[in-house]
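Below are the chains, spelled out letter by letter.
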Amino acid sequence: MRLWTLHPKYLDARGLVSLWREGLLAHQVLQGRTRGYRNHPQLERFRSQPDPIAAVITYLQGIHAEALQRGYAFDPSKLRAAACAPPIIETQGQLNYEWAHLLNKLSCRNPALCNLYQDVDLPDAHPLFHIIPGPVAHWERLSNNRT
């Protein structure tokens with residue numbers, strides 16, 4: 001499960017569809033409707049919010065907005081209700097880590113898109129997140145092949 005801090009505009013079609021599915025799974029997990037992924041570290045920042053369900057729905061609304069802009073037909077009824085959660089604080093270190101991770105994925109999966117992003121130094125965050133200085137998030141599982 002990868003619930004990107006990055007703005008969904010950077011994802012290729014495969015990545016955006018995967019993010020939608022994983023966000024819906026996170027929604028189910030936070031509602032206690034599934035056995036799997038209950039302890040997944042990506043969910044920590046949503047669970048730490050005053051209303052975790054509203055936070056994940058707000059996150060999914062941002063993904064849905066990007067999908068609409070691309071002409072995709074993601075089903076908004078899966079969200080069950082509109083929400084407006086306050087911003088979640090995340091760090092520049094986390095955003096940078098995810099950016100390097102995404103570029104690594106795109107270098108294999110979509111080299112043209114990866115090349116398009118090579119000059120982006122400060123990627124935008126998903127609208128739910130407010131970025132502050134700081135290191136990679138404590139919940140992130142760091143991999144040696146990413147920076």
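Residues numbered from 1 in each chain as written. Predicted model: local features only at pLDDT ≥ 70, side-chain atom pairs only at ≥ 80, totals over all residues. Heavy atoms only, no water.

Student: Could you give me a rundown of the packing of aromatic side chains, with the residues and numbers involved?
Tutor: Applying the stated criterion across every chain yields a total of seven aromatic pairs. Relative to Y59, the ring of F46 lies with its centre 5.5 Å away and its plane at 75°, an arrangement referred to as edge-to-face. Of this pair, F46 sits in helix α2 (residues 44-47) while Y59 sits in helix α3 (residues 52-70); the two residues are 13 residues apart in sequence, bridging distant segments of the chain. You can call F46 buried: its relative accessible area is 0%. Here R2 stacks its cationic end above the ring of W4, 5.4 Å away from the centre of that ring. (Phe/Tyr/Trp six-rings, centres within 6.5 Å; stacked < 30°, edge-to-face > 60°. Helix = DSSP H or I, 4+ residues; strand = E, 2+ residues; numbered from the N terminus. Buried < 20%, exposed > 50% of the residue type's maximum accessible area, 1.4 Å probe, protein only. Lys NZ or Arg CZ within 6 Å of the ring centre and 35° of its normal.)

Student: Give me the lowdown on the environment of L60, citing residues and values where you can.
Tutor: Its place among the elements puts L60 in helix α3. Counting along the chain gives 52 residues from L60 to P8, while the straight-line C-alpha distance between them is 10 Å. Setting aside residues up to four positions removed in sequence, L60 forms contacts with W20, G23, L24, H27 and L79. (Contact = heavy atoms within 4.5 Å.)

Student: Go over the side chain of E98, please, and point to the residues and values.
Tutor: Position of E98 among the secondary structure elements: in helix α4 (residues 92-109). Residue classification places E98 among the buried residues on the basis of a relative accessible area of 0%. At a separation of 2.8 Å, a polar atom in the side chain of E98 contacts the side chain of Q94. Sequence-distant contacts of E98, that is, excluding residues within four places in its chain, are made with R2, L3, W4, T5, L6, R45, W139 and E140. (Polar contact = N/O pair within 3.5 Å; in protein donor to acceptor, adjacent residues only side chain to side chain.)

Student: Please set out the packing of helix α1 (residues 13-30) against α3 residue by residue, giving values where relevant.
Tutor: Between α1 and α3, whose axes approach to 10 Å, the crossing angle comes to 160°. Taken together, the axes of α1 and α3 lie roughly antiparallel to each other. Classified by chirality, the crossing of α3 by α1 is left-handed. Each of A13, L16, L19, W20, G23, L24, A26, H27 and L30 in α1 lies in contact with α3, whose residues at this interface are P52, I53, V56, I57, Y59, L60, I63, H64, E66, A67 and R70. (Axes fitted to C-alpha atoms, helices over the stretch in contact; angles between N-to-C directions. Parallel < 35°, antiparallel > 145°, perpendicular 65-115°, else oblique. Left-handed = near helix turned anticlockwise from the far one by under 90°.)

Student: Lay out the pattern of salt bridges with the relevant residues and their values.
Tutor: For the coordinates displayed, the defined rule picks out seven salt bridges. Note that E98 is salt-bridged to R2, the shortest N-O span being 3.7 Å. Residue E98 is found in helix α4, and its partner R2 is found in the segment before α1; the two are separated by 96 residues along the sequence. Both residues of the pair, E98 and R2, belong to the buried class. Linking K9 and D124 is a salt bridge whose minimum nitrogen-to-oxygen distance equals 2.4 Å. With a gap of 115 residues between them, K9 in the segment before α1 and D124 in the loop between α5 (111-116) and β2 (129-132) connect regions that are remote in the sequence. The class of K9 is partly exposed, set by a relative accessible area of 34%. Each of R2, R45, E90, E98 and E140 takes part in a single network of salt bridges with overlapping partners. (Salt bridge = Lys/Arg side-chain N within 4 Å of Asp/Glu carboxyl O.)

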